[in-house]
Amino acid sequence: MEIVILPKPEDVLDAGAKIVEDQIRSHPRSVLGLATGGTMEGVYERLIGRRLDFSGVQTFNLDEYVGVGPDDRGSYAAYMRKYLFERVNLKPENCHLLDGTTSDIRAHCQAYEDAIKRAGGIDLQLLGIGHDGHIAFNEPGSSMASRTRLKTLTPDTRKNNAPHFPEGEEVPLHVLTMGIGTILDTRRCVLLAYGKNKSPVIAQAVEGPLTAMCPASALQWHRHCTLIVDEEAAHKLARQDYYKFVYKNKPGS
Ligand code: PGA
């Protein structure tokens, strides 16, 4: 895992957007794995400003709430339209999201996995991280080999996500999410995090044991994972000086 420690949250967002930009410019027909949440808003904002050509790009989102349809305000489909899809030239038929109102969850999740495969796999996956170590909605205890399926959110995750959900509506208990195995199959993944609150979980994910109790620790097993954090999120990493040294001396940079 490559650990990049940058001074400020804005630097983390700039660096995340730059990786996506480079991916699209060098491979205009890229398959991107997209994430939602507060951290990603800043990444999408930056991408919009860079006048990229998304016409050949395909996207797959990580997760969606069960019982929530694409037109519902609280859906991740609505989030993606607001922050990215309506502001760039992505073709609607190339934007894939799980449908939380599907009548056959098992078949729908399998079809999502099949669609990723048909697209040639995900070239670049964006990831945030929850305070409990979740990636996508794989909460602690999720199988490291898991594929897209239904999961139950923890009370903490529901509480943390409540401010992002329409006022007066409850955050659903169930979600559909790509699995950890699905994420590990991506060719490259980039996890972004900033702020002091994320520092304990960043330390666990990077320097703790590989354990289902911290789903993000599975990324230690990923073939090409870059984790970009600000100084505050990095401050509990025991080997932060070494990570900075490695980054500074990165060949070719
Ligand atoms: P955040 O969410 O970017 O809003 O902190 C990350 C996550 O829960 O995956």
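Before reading on, note that the structure itself is shown above.
Residues numbered from 1 in each chain as written. Predicted model: local features only at pLDDT ≥ 70, side-chain atom pairs only at ≥ 80, totals over all residues. Heavy atoms only, no water.

Q: How would you sum up the layout of surface pockets? Please name residues and give values.
A: Considered as a void within the structure, the largest pocket measures approximately 940 Å³ in volume. Forming the walls of the largest pocket are 37 residues, and the residues nearest its centre are Thr36, Gly37, Gly38, Asn161 and His164. At the level of secondary structure, the elements contributing two or more residues to the lining of the largest pocket comprise helix H2 (38-49), strand E4 (63-65), helix H3 (76-83) and helix H5 (155-161). The element best represented in the lining of the largest pocket is H3, accounting for five residues. Residue composition of the lining of the largest pocket, by class: 15 nonpolar, 15 polar and seven charged. (1 Å grid on protein atoms, 1.4 Å probe; cavity = no way out; pocket = protein on both sides within 12 Å on 5 of 7 lines; lining within 4 Å. Points joined across faces, edges and corners; volume = space filled by probe spheres on them. Helix = DSSP H or I, 4+ residues; strand = E, 2+ residues; numbered from the N terminus. Nonpolar A, V, L, I, M, F, W, Y, C, P; charged D, E, K, R; others polar.)

Q: Explain the site of the ligand to me, and be specific about the residues and the numbers.
A: In the vicinity of the ligand, the contacting residues are Gly37, Gly38, Thr39, Gly128, Ile129, Gly130, His134 and Lys198. Within the side chain of Thr39, a nitrogen or oxygen atom sits 2.5 Å from an oxygen atom of the ligand. Burial of the ligand by the protein chains amounts to 78% of its free accessible area of 280 Å². In a pocket analysis with a 2 Å cut-off to the grid points, the ligand is assigned to the largest pocket. Split by residue class, the shell around the ligand holds one nonpolar, six polar and one charged. (Near = heavy atom within 4 Å. Polar contact = N/O pair within 3.5 Å; in protein donor to acceptor, adjacent residues only side chain to side chain. Areas by Shrake-Rupley, 256 points an atom, 1.4 Å probe, with all protein chains shown as cover. Sits in = over half its atoms within 2 Å of the grid points.)

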